[in-house]
Amino acid sequence: MNKKLVILDVDGVLTDGRKMYGRDGVVFGKEFCDHDFTAIKKFHLAGWSVFWLSADENINKVVADNRCIQFLSSMYDNRIDKIRGIDQILGLYEGEFTLSDVIYAGDDLFDIDAI
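These numbers were taken from a predicted model, which means no experiment stands behind them.

J.: Let's hear about unusual backbone geometry: which residues, and what values?
T.: For residues other than glycine, phi is negative in most cases, and the peptide bonds are mostly trans. We note that D77 has phi near 50°; this positive angle belongs to a residue other than glycine. Summarising the element assignment, D77 is placed in the loop between β6 (75–76) and β7 (79–80). Exposure remark for D77: the relative accessible area of 71% places this residue in the exposed category. One non-glycine residue, E94, lies in positive phi territory at about 45°. In this fold, E94 is placed in the loop between α3 (82–92) and β8 (102–105).

J.: Got a sec to walk through the pattern of salt bridges? Specific residues and values, please.
T.: Pairing between side chains of opposite charge can happen when their charged atoms approach one another. Evaluated as defined, the whole model comprises ten salt bridges. Here D101 ties to K4 by a salt bridge, and the two come within 3.7 Å at their closest N and O atoms. Pair noted here: D101 is in the loop between α3 and β8 and K4 is in the segment before β1 (5–8), with a separation of 97 residues, a long-range link. Exposure remark for D101: the relative accessible area of 10% places this residue in the buried category.

J.: Which residues make up the sheet that holds β1, and what are the values?
T.: Pairing in this open sheet of four strands is parallel, and the strands run β5-β4-β1-β8 from one edge to the other. Sheet topology places β5 (70–73) and β8 at the edges, where each strand pairs with a single neighbour. In this sheet, neighbouring strand axes are inclined to one another by 20° on average, regardless of whether the strands run parallel or antiparallel. Across the sheet, helix α1 (residues 34–45) lies against β1 and β4 (49–54), angled at about 135° from β4, the strand it touches most. Each of β1, β4, β5 and β8 touches α3; the most contacted strand, β4, lies at about 150° to it.

J.: Help me get a handle on the environment of V13, residues and values and all.
T.: Relative to the assigned elements, V13 resides in the loop between β1 and β2 (20–21). Residue class for V13 comes out partly exposed when judged on its relative accessible area of 27%. Considering only alpha carbons, one finds V13 and D108, 95 residues apart in sequence, at a separation of 9.3 Å. Not counting the four nearest positions on each side in its chain, V13 is found in contact with D36, A105, G106 and D107.

J.: Tell me about the packing of aromatic side chains, and name the residues and values.
T.: Tallied over the full model, the rule gives six aromatic pairs. Their ring planes at 0° and their centres at 5.9 Å tell us that F32 and W52 sit as a pair that is stacked. Of this pair, F32 sits in the loop between β3 (27–29) and α1 while W52 sits in strand β4; the two residues are 20 residues apart in sequence, bridging distant segments of the chain. Residue classification places W52 among the buried positions, given a relative accessible area of 0%. By way of ring pairs, the aromatic residues F32, F37 and W52 are connected into one cluster. One cation-aromatic arrangement involves R67 over F37; the distance from NZ or CZ to the ring centre is 3.9 Å.

Reading the values: rules and limits
- Residues numbered from 1 in each chain as written.
- Predicted model: local features only at pLDDT ≥ 70, side-chain atom pairs only at ≥ 80, totals over all residues.
- Heavy atoms only, no water.
- Helix = DSSP H or I, 4+ residues; strand = E, 2+ residues; numbered from the N terminus.
- Buried < 20%, exposed > 50% of the residue type's maximum accessible area, 1.4 Å probe, protein only.
- Salt bridge = Lys/Arg side-chain N within 4 Å of Asp/Glu carboxyl O.
- Pairing = 2+ DSSP bridges.
- Axes fitted to C-alpha atoms, helices over the stretch in contact; angles between N-to-C directions.
- Contact = heavy atoms within 4.5 Å.
- Phe/Tyr/Trp six-rings, centres within 6.5 Å; stacked < 30°, edge-to-face > 60°.
- Lys NZ or Arg CZ within 6 Å of the ring centre and 35° of its normal.

As structure tokens, this is what we get:
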């Protein structure tokens, strides 16, 4: 079996899309489901690589780091670009994966081109 790569958008895919804001207007919390983390562990055990691709480094990167999940910001020049992010992730693996080896999950307008 060929090795595969799973790239996941986070907000709306691994969360229900709701965010908690402080009085300063800054997001301080989101709800994640532990079943998703279990699924990611199963992907890892099967030899698959998993990457989170998200514009939100405030919370999502910290959660990914705490869970030993690779993370890449999809923010480039103050705009979200998921295609550029996917290309960058593929570049990190130096030809180990082709697009046919990649599964992408997203739920937003920013994900349409990537899907």
